Amino acid sequence: MPIEQVVTEPDPYAPFLLSQAIKAHGFVFVSGQAAIGNDGEIVGLGDFDRQAEQAFRNLERALKAAGSRLDRVVKTTIFLRSIENAGKLVELRRKFLSAPYPAESMVEIPSLYSPHALIEIEAIALDEGH
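First things first, this report covers the structure right here in the doc. Because the structure is predicted, anything quoted here is derived from the model rather than measured. (Residues numbered from 1 in each chain as written. Predicted model: local features only at pLDDT ≥ 70, side-chain atom pairs only at ≥ 80, totals over all residues. Heavy atoms only, no water.)

**Section: the nonpolar core**
If you look at the biggest cluster of nonpolar residues, it comprises 26 residues, and the most contacted ones within it are V30, L63, L89 and I119. Looking at this core, the elements that each hand over two or more residues are β3 (27–33), α1 (48–65), β4 (73–80), α2 (89–96) and β6 (119–126). It is α1 that provides the largest number of residues to this core, a total of 7 residues. Beyond its immediate stretch of four places on either side in the chain, I119 contacts Q33, A34, A35, F48, Q51, A52, A55, I78, F79, L80, L89 and L112. Residues I42, F79, L112 and A117 belong to the second largest nonpolar core, which totals 6 residues. (Core = buried A, V, L, I, M, F, W, Y, C linked by side-chain atoms within 4.5 Å. Buried < 20%, exposed > 50% of the residue type's maximum accessible area, 1.4 Å probe, protein only. Helix = DSSP H or I, 4+ residues; strand = E, 2+ residues; numbered from the N terminus. Contact = heavy atoms within 4.5 Å.)

**Details of the pairing of β4**
Among the 8 residues that make up β4, 6 are buried, leaving the element largely enclosed by the rest of the structure. Where β4 and β6 come together, 7 bridges link them in antiparallel fashion. The partner of L80 across the bridge, within β6, is I119. Of the strand pairs in this sheet, β4 and strand β5 (residues 103–108) are connected by 6 bridges, and their pairing is parallel. Looking at the pairing, K75 lines up with A103 of β5. The β-α-β motif built from β4, the intervening α2 and the parallel element β5 has right-handed crossover chirality. (Pairing = 2+ DSSP bridges. Right-handed = clockwise from strand over helix to strand, strands pointing away.)

**Describing α1**
Between its first and last C-alpha atoms α1 spans 26 Å; for 18 residues at 1.5 Å apiece the expected length is 26 Å, and the two agree. For α1, the set of buried residues is F48, Q51, A52, Q54, A55, F56, N58, L59, A62 and L63. Those residues of α1 hidden inside the fold are in contact with β1 (4–6), β3, β4, α2 and β6. G67 sits one or two residues past α1 and shows a positive phi near 80°. (Expected span 1.5 Å × (residues − 1).)

As structure tokens, this is what we get:
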């Protein structure tokens, strides 16, 4: 089974030689999605809630481009600049995901790709055929 690159428009990852996602063997592997707007800039500087909402919307967009959906997500890894924001993710899961909720790992890290990024979400999902 071939490996297929998933591209979104706009694709803020292209300059970094990264794929938004890769489809392989019935799965969609989505690169970490941060709060990047269509202009390539971070949305909601200093505002975790706005950044988290944008990161989930970007995840949804990448999945759609791959022919999948948020309800097909089986695993997420969430990177936070501050674990104090972890509690806010319960409502975001309720808004964007559905039961059975995906397996998840959450990690606090000192920095992300930008000093202004507060959250990044990567995911593994099933493609539509599986």
